[in-house]
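Structural characterization, general
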Amino acid sequence: MENSITSNIKAPLTEKKVEYEKATLTSRIFANLLDIVILIFTFFLCIIPLREIATNTPKYKTIEKEVRTLKLESGLYKDDKNGVLTDATYIIETASEYNNEARKVEAVNIINRFFTFAENHFTSEQCKIIKDDFDSFRLDESMKYDSKPMFLTNNEIVVENSEIVTDTLGNSSVVYKTYYEKCYKVFIEKKLVTYFISYTPNYVKLQNFIWNVLIFAELIPSAVLSFLITYLLPALIFKRGRQTFGKRLYHIASVKRNCITPGFGKYFAKLGLILLEFILALPSFCVTLLISFSMMLFSKDKQPFPDYFLDLIDIQVTDKKIYMNSNEVDLDSVETHKEAIKFTPKN
């Protein structure tokens, strides 16, 4: 039958025919979804204390403070209303007290603050590269407003074209907005941030330390722990059929083609394939998970990739026993409830 799996389990002393009903596709999908929900929940449950521990070490606090100081001093970053370090351009765009003229003026101030920061931290050659880049950026052919150049050279100094504002007095707000969005904002976000990262001494090293703590002390341990709690722990508790919490709730078990519970070797191999699916899902935009799910829908035995590769079948748990090994078949064949011997007393 298509909806069942049958096998003759050969034990050392006897042989037994076993038949199980295959788990329905709907129940298996919901069981897997429940396991994913448990995985996500336990991930966040693990990462909260791990992050608390990692970010409160003396070394981490010192480096985080140093990075924060550099960012604030550069002028490219500001504290928002909640004290969170944010891009300065985002602050001036979202704050209600800034109109278009104020945004333009503040953007120029940000650039000037960065030049001061560069003089204190960068080499003279690096400072010259940044200033020359700013001049060429403003004098580029694309920097025009109503066919007029937005910047001019006055005694070898690049300045805003005052005629544009004079000629558009009734529409000066649009002019200020154009200067901000087309020139200053772009230069800050595309150019100065790059110079800050590239030229600031030890900044990359400091930032890499913070990223390494996030990846190796928080994300990876949390992912491993949540994976083990979701897929390994329940299999150690519910050994027959190697059930996860989701499969236990939906009365599903996993067996080999011969209707025997898979050993730990095969189950660990299954966990390895599931873990590989999740890891490859990140760079492949979940393609591996979609392939596995498609196999569950359209393969002959409705098996996801790990089960297909290892030839494991999901069955519906009923009152039928799920055998751990063939020796249990012999034990079941032993008659343990024979009728008691009747003794007849002598006359």
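You'll find the structure just up there.
One structure accompanies this document, and this report is about it. The model shown is predicted, which means the values in this text are computed figures rather than measured ones.

On to the overall build of the protein chain, then. Within the protein chain one finds 13 helices and 10 strands. Its C-alpha atoms give the protein chain a radius of gyration of 34 Å, more than 25% over the compact-globule value 20 Å for 347 residues. Dimensions of the protein chain along its principal axes, counting C-alpha atoms only, are 135 × 45 × 35 Å. Considering the protein chain as a whole, with its 347 residues, one finds that 39% of them fall into the buried category. Partitioning the contacts of the protein chain with sequence separation of at least 6, the portion at a separation of at least 24 is 63%. A total of about 21000 Å² of accessible surface is found on the protein chain, and carbon and sulfur atoms cover 60% of it.

Turning our attention to the nonpolar core. By size, the foremost hydrophobic cluster in this structure holds 44 residues, and its most contacted members are Phe114, Ile130 and Leu192. Considering each element in turn, this core owes the most residues, 11 residues, to helix α7 (residues 172–199). Apart from the residues lying within four places of it in its own chain, the contact partners of Leu192 are Leu76, Ile111, Phe114, Ile130 and Phe187. Ranked by size, the runner-up nonpolar core spans 14 residues in total, among them Ile5, Ala253, Cys259 and Val329.

This part covers the pattern of salt bridges. As enumerated under the stated definition, the model contains 18 salt bridges in all. Between Glu119 and Lys131 there is a salt bridge; the shortest N-O distance is 3.3 Å. Of this pair, Glu119 sits in helix α4 (residues 100–121) while Lys131 sits in helix α5 (residues 124–138), and the two are 12 residues apart along the sequence. The exposure class assigned to Lys131 is partly exposed, which follows from its relative accessible area of 34%. Here Asp135 makes a salt bridge to Arg138, at a shortest N to O gap of 2.6 Å. Here Asp135 and its partner Arg138 are both found in helix α5, three residues apart, which amounts to about one turn of the helix.

Here we take up a nonpolar patch on the surface. On the surface, a nonpolar cluster with roughly 620 Å² of combined accessible area is contributed by Trp211, Ile215, Phe216, Leu219, Ile220, Val224 and Leu228. In this fold, Ile220 is placed in helix α8 (residues 203–237).

For the structure on display, the rule yields 20 aromatic pairs. Taken together, a centroid distance of 6.4 Å and an interplanar angle of 45 degrees make the contact between Tyr60 and Phe209 tilted. Note that Tyr60 is positioned in helix α2 (residues 58–74) and Phe209 in helix α8, a separation of 149 residues in sequence. Judged by centre distance (6.0 Å) and plane angle (55 degrees), the rings of Tyr77 and Phe196 are tilted. Here Tyr77, found in strand β3 (residues 77–79), pairs with Phe196, found in helix α7; they are 119 residues apart in sequence, far enough to count as distant. Like Tyr77, the residue Phe196 is buried in the burial classification. In this structure an aromatic cluster arises from ring pairing among Tyr77, Phe114, Phe117, Phe122, Tyr195, Phe196, Tyr199 and Tyr203. Its guanidinium or amino end placed over the ring of Phe134, Arg138 lies 3.7 Å from that ring's centre, counting from NZ or CZ. Its guanidinium or amino end placed over the ring of Phe264, Arg242 lies 4.1 Å from that ring's centre, counting from NZ or CZ.

A few words now on the pairing of strand β8 (residues 157–160). Examined bridge by bridge, strand β7 (residues 151–154) and β8 share four bridges and lie antiparallel to one another. Note that in β8 the partner of Phe151 across the bridge is Glu160. Linking two consecutive strands that pair antiparallel, namely β7 and β8, is a turn of two residues; a positive phi of about 55 degrees is found at Asn155 within it.

A word on the packing of helix α1 (residues 25–54) against α8. At a minimum axis separation of 8 Å, α1 and α8 run at an interaxial angle of 145 degrees. For the crossing formed where α1 meets α8, the hand is right-handed. Tallied by class, residues from the contact of α1 with α8 come to 18 nonpolar, four polar and three charged.

The next point concerns the pairing of strand β2 (residues 15–21). Note: strand β1 (residues 4–10) against β2, seven bridges, orientation antiparallel. Following the sheet pairing, Ile9 is matched in β2 by Lys16. The antiparallel hairpin formed by β1 and β2 contains four residues in its connecting segment.

Across the interface, helix α10 (residues 264–281) lies against helix α11 (residues 287–298) with an axial gap of 7 Å and an inter-helix angle of 135 degrees. Taken as axis vectors, α10 and α11 run oblique relative to one another. Contacts from Glu277, Phe278, Leu280 and Ala281 in α10 reach Thr288, Leu289 and Ser292 in α11. Partitioned by chemical class, the residues of the contact of α10 with α11 number four nonpolar, two polar and one charged.

Counting through the fold element by element, Lys104 comes out in helix α4. In this view, Lys104 contacts Glu160, Tyr176, Tyr179, Tyr180 and Tyr184; residues no more than four positions away in its chain are not counted.

Looking now at the side chain of Asp314. Residue placement: Asp314 occurs in strand β10 (residues 312–316). Overall, Asp314 belongs to the buried group, its relative accessible area being 7%. One polar contact links Asp314 to Arg28, side chain to side chain, over a distance of 3.2 Å. A polar side-chain atom of Asp314 sits 3.2 Å from a polar atom in the side chain of Lys247. If we skip the residues at most four places from it in the chain, Asp314 touches Lys22, Ala23, Arg28, Lys247, Ile252, Ala253, Ser254 and Asp307.

Calculation criteria
- Residues numbered from 1 in each chain as written.
- Predicted model: local features only at pLDDT ≥ 70, side-chain atom pairs only at ≥ 80, totals over all residues.
- Heavy atoms only, no water.
- Helix = DSSP H or I, 4+ residues; strand = E, 2+ residues; numbered from the N terminus.
- Rg over C-alpha atoms; globule rule 2.2 N^0.38 Å.
- Buried < 20%, exposed > 50% of the residue type's maximum accessible area, 1.4 Å probe, protein only.
- Contact = heavy atoms within 4.5 Å.
- Areas by Shrake-Rupley, 256 points an atom, 1.4 Å probe, with all protein chains shown as cover.
- Core = buried A, V, L, I, M, F, W, Y, C linked by side-chain atoms within 4.5 Å.
- Salt bridge = Lys/Arg side-chain N within 4 Å of Asp/Glu carboxyl O.
- Patch = residues over 30% accessible without salt bridge, like charges linked within 9 Å, V, L, I, M, F, W, Y side chains within 5 Å.
- Phe/Tyr/Trp six-rings, centres within 6.5 Å; stacked < 30°, edge-to-face > 60°.
- Lys NZ or Arg CZ within 6 Å of the ring centre and 35° of its normal.
- Pairing = 2+ DSSP bridges.
- Axes fitted to C-alpha atoms, helices over the stretch in contact; angles between N-to-C directions.
- Left-handed = near helix turned anticlockwise from the far one by under 90°.
- Nonpolar A, V, L, I, M, F, W, Y, C, P; charged D, E, K, R; others polar.
- Parallel < 35°, antiparallel > 145°, perpendicular 65-115°, else oblique.
- Polar contact = N/O pair within 3.5 Å; in protein donor to acceptor, adjacent residues only side chain to side chain.

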